[in-house]
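Architecture at a glance
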Amino acid sequence: MSIAERLAIAPELRDTTKWDIAKDDLEEYRRRKKAVTAYLNGTPFATIEKDHGYSKSQIYRMLDRCLTARPNGTMYGFHALIPGASIAPYKRKSPVNPELAAQTKGL
């Protein structure tokens, strides 16, 4: 990004205080991170469920998300635990209809 492009960013988008994760989401992220870290450190599932509130299947699902590879080949790691974060690429369900291409929407 060039200096001119950086200067062209709207002032409301430059306000980094609005970039933070919402407080509720941050707490959920921290709980997830602690639970996954506890599992990787050998903590029994019963203890993790008691301390963090996640079942065995939830831990496996979170760990699977963390180990998912990004398009550039690196793994998502703890970024996959951010509430609402999408790690799956977009998959089109319906075929593209070329007759609708001339319209403004509905492709």
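What counts, and at which threshold
Sequence order as written defines the numbering, with residues in each chain counted from 1. In keeping with the model being predicted, local features are shown solely for residues with a pLDDT of at least 70 and side-chain atom pairs are shown and tallied solely at 80 or more, while totals for entire chains, interfaces and linings include all residues. Side-chain metrics rest on all non-hydrogen atoms present in the structure, leaving aside hydrogens and water. Only DSSP runs of H or I covering at least 4 residues are called helices, and only runs of E covering at least 2 are called strands; the numbering of each starts at the N terminus. The classification of residues rests on relative accessible area computed with a 1.4 Å probe and restricted to protein chains. Under 20% of the type maximum is buried, over 50% is exposed, and intermediate values are partly exposed. Only heavy atoms matter for contacts: two residues are in contact if any of them lie within 4.5 Å across the pair. Here the open area of atoms and residues is found with the Shrake-Rupley method and a 1.4 Å probe, where only the protein chains shown may cover a residue. Here, nonpolar core means buried Ala, Val, Leu, Ile, Met, Phe, Trp, Tyr and Cys residues that are tied together by side-chain atoms lying within 4.5 Å of each other. Fitting a line to C-alpha atoms yields each axis, with helices limited to the stretch in contact; the angle taken between N-to-C directions then spans 0 to 180 degrees. In what follows, roughly perpendicular refers to angles from 65 to 115 degrees, roughly parallel to angles under 35, roughly antiparallel to angles over 145, and oblique to any angle outside these ranges. Each residue is assigned to one class: nonpolar for Ala, Val, Leu, Ile, Met, Phe, Trp, Tyr, Cys and Pro, charged for Asp, Glu, Lys and Arg, and polar for all the others, Gly among them. Expected span of a helix, by definition, is 1.5 Å for each gap between consecutive residues, and there is one gap fewer than residues. Basic side-chain nitrogens of Lys or Arg form a salt bridge, by our definition, when they fall within 4 Å of a carboxyl oxygen of Asp or Glu.

Some thoughts on the overall build of the protein
When its secondary structure is counted, the protein shows five helices and zero strands. Secondary structure of the protein in N-to-C order comes out as α-α-α-α-α. Considering the protein as a whole, with its 107 residues, one finds that 16% of them fall into the buried category. Counting only contacts in the protein whose residues sit at least 6 apart along the sequence, the fraction spanning at least 24 positions is 27%. Looking at the protein as shown, the accessible area adds up to about 8,600 Å², and 56% of this sits on carbon and sulfur atoms.

Some words on the nonpolar core
If you look at the biggest cluster of nonpolar residues, it comprises eleven residues: Y29, A35, V36, A38, I48, Y54, I59, M62, L63, C66 and L81. Listing elements by their share of this core, those giving two or more residues are helix 3 (23-40) and helix 5 (56-66). In this view, I48 contacts A35, A38, Y39, T43, G53, Y54 and I59; residues no more than four positions away in its chain are not counted.

Structural notes on the packing of helix 3 against helix 5
At a minimum axis distance of 10 Å, the contact between helix 3 and helix 5 shows a crossing angle of 95°. Taken as axis vectors, helix 3 and helix 5 run roughly perpendicular relative to one another. Of the residues in helix 5, those touching helix 3 at R32, A35, V36, Y39 and L40 are I59, Y60, M62 and L63. Tallied by class, residues from the contact of helix 3 with helix 5 come to eight nonpolar, no polar and one charged.

Remarks on the environment of L26
Within the secondary structure layout, L26 lies in helix 3. L26 sits in the partly exposed class, given a relative accessible area of 26%. Residues L26 and P83, 57 residues apart in the sequence, show an inter-C-alpha distance of 8.2 Å.

Digging into helix 3
Because an α-helix packs 3.6 residues into every turn, residues spaced three or four apart end up facing the same way. Across its 18 residues, helix 3 extends 26 Å between first and last C-alpha, which sits within 8% of the 26 Å expected from 1.5 Å per residue. Among all positions of helix 3, only Y29, A35, V36 and A38 are buried. Tucked inside the fold, the buried residues of helix 3 contact helix 4 (45-52) and helix 5. Of the residues trailing helix 3, G42 is marked for its positive phi of about 95°.

Things to note about the pattern of salt bridges
Counted under the stated rule, the structure contains three salt bridges. In this structure, R31 and E28 form a salt bridge, with 3.1 Å as the shortest nitrogen-oxygen distance. Placement of the pair is R31 and E28 together in helix 3, with a separation of three residues, close to one helical turn. The residue E28 makes a salt bridge to R32 at a minimum N-O spacing of 3.2 Å. With E28 and R32 both in helix 3, this residue pair falls four residues apart, about one helical turn.

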